[in-house]
Every structure is written in structure tokens, then in C-alpha cells.
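Structural overview for review
Listed below, chain by chain, are the residues.
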Amino acid sequence: LDDVDQALDQLEQDGLLDNENLSKKKLKSMMKQRLESPKVKDWFSSRWNIFNECNILYWDSNANEMIEKRPDRVMTDGKEIIVVDFKFGKPHKEYEDQVRTYMSLLAQMEHLPVTGYLWYVYPNQIEEVY
């Protein structure tokens, strides 16, 4: 929550905000509202060690090649892992498959319980992936 203003300033400086459809004020209000929900607030708390868009590399023996996956956000407190993929469009089945892949790879790496979520940011829908 403390980083919203700085992040929006950077988006504005990069020319990614237009003042008609996506103004800084409108986006700030939306983000603050999203970050206040209890689940999301926890995800952005100091409880977690955060890995944003870090690569997961694994060998695909069927394709005989190294594969790279990059989840949006991975969090761990040493007891559990949570992976969140942010989406800005409509739900698609392949998004769930994508998060399941991340969950499987992370479970193999860390041997900790892994929970996965899809967060559709605009409508503020959070779906747990099983």
C-alpha cells in the first residue's frame, strides 16, 4: 500500500497512463481498494519473502529441452508457499493450468505446501486454483 504512489508516478512518467480512461487518481483509488481486502493485504505484508517474476527453470524430458516459467508473484514464510498470477482480462481455462504448473514446480523445489491463486484485478476476483 505504501508503494502505490511511487508505482503510479513511475507509470505516469513512462507514459502508460492516459488521463481519460486510466487516470492516476482513478487507478490509485482502485489499487488502494484492492489492497485493503484481507487476503490481498496479507499477501503484501512483511510476513512474506517475495519473488516477483522470478524464473523457474526445469528440464522437460519429453521435449528434451530446458523450459522457463515465470509466475507473477511467489511468496513464502518458510512454512508455506503462495503463488499468485495477476490477470487483467477474462478468465480462461489455460490460466488455471498455468498456475497448477507453477504450484507443481514449486512443490518439487521446496517440499512445502503450495497454494495458488488467480487474481483478476479489474473486477477484483480472486480464485483459488486446485
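Residues numbered from 1 in each chain as written. Predicted model: local features only at pLDDT ≥ 70, side-chain atom pairs only at ≥ 80, totals over all residues. Heavy atoms only, no water.

Looking now at the packing of helix H1 (residues 4-13) against helix H2 (residues 24-35). Axis separation between H1 and H2 bottoms out at 10 Å; the angle between their running directions is 145 degrees. Where H1 crosses over H2, the handedness of that crossing is right-handed. Here Val4, Asp5, Leu8, Asp9, Leu11 and Glu12 of H1 lie close against H2, whose contacting residues are Lys24, Leu27, Lys28, Met31 and Leu35. (Axes fitted to C-alpha atoms, helices over the stretch in contact; angles between N-to-C directions. Helix = DSSP H or I, 4+ residues; strand = E, 2+ residues; numbered from the N terminus. Left-handed = near helix turned anticlockwise from the far one by under 90°. Contact = heavy atoms within 4.5 Å.)

So, on to unusual backbone geometry. The backbone of Glu53 shows a phi angle near 50 degrees, a positive value even though the residue is not glycine. In this fold, Glu53 is placed in the loop between strand S1 (49-52) and strand S2 (56-60). At His111, a position not held by glycine, the phi torsion is positive, near 55 degrees. Mapped onto the secondary structure, His111 falls in the loop between helix H4 (93-110) and strand S6 (114-120).

Ranked by internal contacts, the top residues of the largest apolar core, which has 15 residues, are Trp43, Met75, Ile82, Val84 and Trp119. Of all elements in the fold, only H1, H2, helix H3 (38-43), strand S5 (81-87) and S6 reach the threshold of two or more residues within this core. Counting residues per element, this core draws most heavily on H2, which supplies three residues. Contact partners of Ile82, with chain neighbours within four places excluded, come to Trp43, Trp48, Arg73, Val74, Met75, Thr115 and Tyr117. With 14 residues, the next largest nonpolar core counts Ile56, Tyr102, Val114 and Val129 among its residues. (Core = buried A, V, L, I, M, F, W, Y, C linked by side-chain atoms within 4.5 Å. Buried < 20%, exposed > 50% of the residue type's maximum accessible area, 1.4 Å probe, protein only.)

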